Amino acid sequence: LHSMDLAIQSSVYVSSPEFAGWLLKRGFHWRKLWKMRWVALHGAEIVYMDKEPTVENSSSLTITKAQISTASVIDREDIDGNPNGFAIHINDGHSPPWYLRADNVREKKSWLMRLTHVHVIVKWLEEFEKVRVLGVGGTGIVYELLHKTNGKRYAMKEMEIKNKLQMQMAVSEAEMLKDIMENISHPNIMHIEKVFQVGSKFY
């Protein structure tokens, strides 16, 4: 595995933040022209459009989107060897590869980090099946999960983040749980497998 992948997979806290910016994108049609496009990452969904969205133009935008899944491949190499280029192979049976180029290597690395985060989260989530609701509280819903391969059962808390205060509370709780797990080992204390964010949802 790539060192970035290993670091992310070994981390308890994995985040999939909202992220957007201008990138050069190669066209899907036969001419394959490179054009500037506004590309945005929303959870596991990636979209592009020819203008940066605003309140004024939101109703007239043409948006192309795709879903990052377990089958998707994040390629760190450019199709023509450009140092700022990378690609997303969606692999859903109908979406062509997304060939993208950033302004510089630093921006490329920033995009690759976020895309890798998303891919790790999606792969991890797809290993489980929601069995039932264990409880509903003021901050979220707790589900029982079944691991599809080894049959082990887990509990997962899902929180919908609606404002900055809720985000701060969720992050504080995640950091507290992470500290407990790293510093205390006891058979009566539940082991924490992952803490992550996808779009507006915190798990």
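Residues numbered from 1 in each chain as written. Predicted model: local features only at pLDDT ≥ 70, side-chain atom pairs only at ≥ 80, totals over all residues. Heavy atoms only, no water.

1. Comments concerning the overall build of the protein
Heads up, the condition is: Counting from the N terminus, the helices are the DSSP runs of H or I reaching at least four residues and the strands are the DSSP runs of E reaching at least two. Note on contacts: a residue pair qualifies if any of its non-hydrogen atoms lie within 4.5 Å across the two residues. Working convention for charge: Lys and Arg count positive, Asp and Glu count negative, and His plus the chain ends are omitted. The atom standing in for a charge is NZ when the residue is Lys, CZ when it is Arg, CG when it is Asp and CD when it is Glu.
Within the protein one finds 3 helices and 13 strands. Overall size of the protein, expressed as C-alpha extent along the three principal axes, is 60 × 40 × 30 Å. At a minimum sequence separation of 6, the contacts of the protein that also span at least 24 residues come to 45%. Side chains of the protein carry 26 positive and 24 negative charges; the gap between the two charge centres is 3 Å.

2. Looking at a nonpolar patch on the surface
Operational definition: Every patch collects residues that have over 30% relative accessible area and no salt bridge, joining them within 9 Å if they carry like charges and within 5 Å if they are nonpolar side chains (Val, Leu, Ile, Met, Phe, Trp, Tyr). Surface exposure here means Shrake-Rupley accessible area, sampled with a 1.4 Å probe, where a residue is shielded only by the protein chains that are shown. Any Lys or Arg side-chain nitrogen located within 4 Å of an Asp or Glu carboxyl oxygen qualifies as a salt bridge. When accessible area is computed with a 1.4 Å probe and restricted to protein chains, residues below 20% of their type maximum are described as buried, those above 50% as exposed, and intermediate ones as partly exposed.
On the surface, M176, L177, I180, I184 and I189 cluster together to form a nonpolar patch covering roughly 380 Å² of accessible area. Among the structural elements, L177 can be located in helix α3 (residues 164-183). With relative accessibility at 30%, the residue L177 sits in the partly exposed group.

3. What to know about helix α2 (residues 105-125)
For the α-helix, the turn length of 3.6 residues means that residues three or four positions removed from each other point alike. The condition that has to hold: In a helix, the anticipated span is given by 1.5 Å times the number of residues less one. Definition of a polar contact: a pair of N or O atoms within 3.5 Å, with one able to donate and the other able to accept a hydrogen when the atoms are protein atoms, and with sequence-neighbouring residues admitted only if both atoms are side-chain atoms.
In this model α2 runs 30 Å from its N-terminal to its C-terminal C-alpha over 21 residues, within 8% of the 30 Å that 1.5 Å per residue would give. Among all positions in α2, only K108, W111, L112, L115, T116, H117, V118, H119, V120, I121, V122 and W124 are buried. For α2, the side-chain oxygen to backbone nitrogen distance between the N-cap and R106 is 3.2 Å, and the N-cap itself is N104.

4. Some thoughts on the nonpolar core
Here is the rule we go by: Remark: nonpolar core denotes a set of buried residues (Ala, Val, Leu, Ile, Met, Phe, Trp, Tyr, Cys) joined through side-chain atoms within 4.5 Å.
If you look at the biggest cluster of nonpolar residues, it comprises 21 residues, and the most contacted ones within it are L41, I46, I88 and L115. The set of elements that each furnish at least two residues to this core consists of β2 (19-26), β3 (34-42), β4 (45-49), β7 (85-89), β8 (98-101) and α2. Ranked by residues supplied to this core, first place goes to α2 with 5 residues. Grouped together as the second largest cluster of nonpolar side chains are 9 residues, W124, F128, Y143 and V198 included.

5. Here's the deal with the side chain of D78
By the secondary structure assignment, D78 is in the loop between β6 (73-75) and β7. With relative accessibility at 10%, the residue D78 sits in the buried group. Side-chain polar atoms of D78 contact the backbone nitrogen of D80, separated by 2.7 Å. Within the structure, the side chain of D78 is placed 2.9 Å from the side chain of R101, a separation counted as a polar contact. In contact with D78, other than residues within four places in its own chain, are W34, G85, F86, L100 and R101.

6. Side note on the environment of V39
With respect to the secondary-structure elements, V39 resides in strand β3. Once the C-alpha coordinates of V39 and H119 are considered, the two residues, 80 residues apart in sequence, prove to be 17 Å apart. Beyond its immediate chain neighbours, meaning those up to four positions away, V39 contacts F19, A20, G21, L23, I46, V47, Y48, L100 and W111.

7. A closer look at the sheet that holds β7
Note the cut-off: Whether two strands pair comes down to DSSP finding at least two bridges between them. Interaxial angle, 0 to 180 degrees, is taken between N-to-C directions of lines fitted to C-alpha atoms, where a helix line uses only the stretch in contact.
With antiparallel pairing, the 7 strands of this open sheet are ordered in space as β5-β4-β3-β2-β8-β7-β6. A strand with exactly one partner marks an edge of an open sheet, and here the two such strands are β5 (64-67) and β6. Put simply, the sheet's adjacent strands are angled 30 degrees from each other on average, direction ignored. In this structure, β3 lies alongside β4, joined through 5 bridges in antiparallel fashion. Along β4, the bridge assignment pairs L41 with I46. Along the sheet face, α2 touches β2, β3, β4, β6 and β7 and points at about 105 degrees away from the line of β2.

8. Some thoughts on unusual backbone geometry
Of note in this structure, N91 is not a glycine but carries a positive phi near 55 degrees. Among the secondary structure elements, N91 is positioned in the loop between β7 and β8. Judged by relative accessible area, which is 44%, N91 ranks as partly exposed.

9. Looking at the side chain of R37
Tracing the backbone through its elements, the reader meets R37 in strand β3. We note that R37 is buried and unpaired, the nearest opposite charge coming from D50 at a distance of 5.4 Å. Ignoring sequence-local partners within four residues, the contact set of R37 consists of G21, W22, L23, K25, Y48, M49 and D50.

In short, the description is geometric, and any link to function would need to be established separately.
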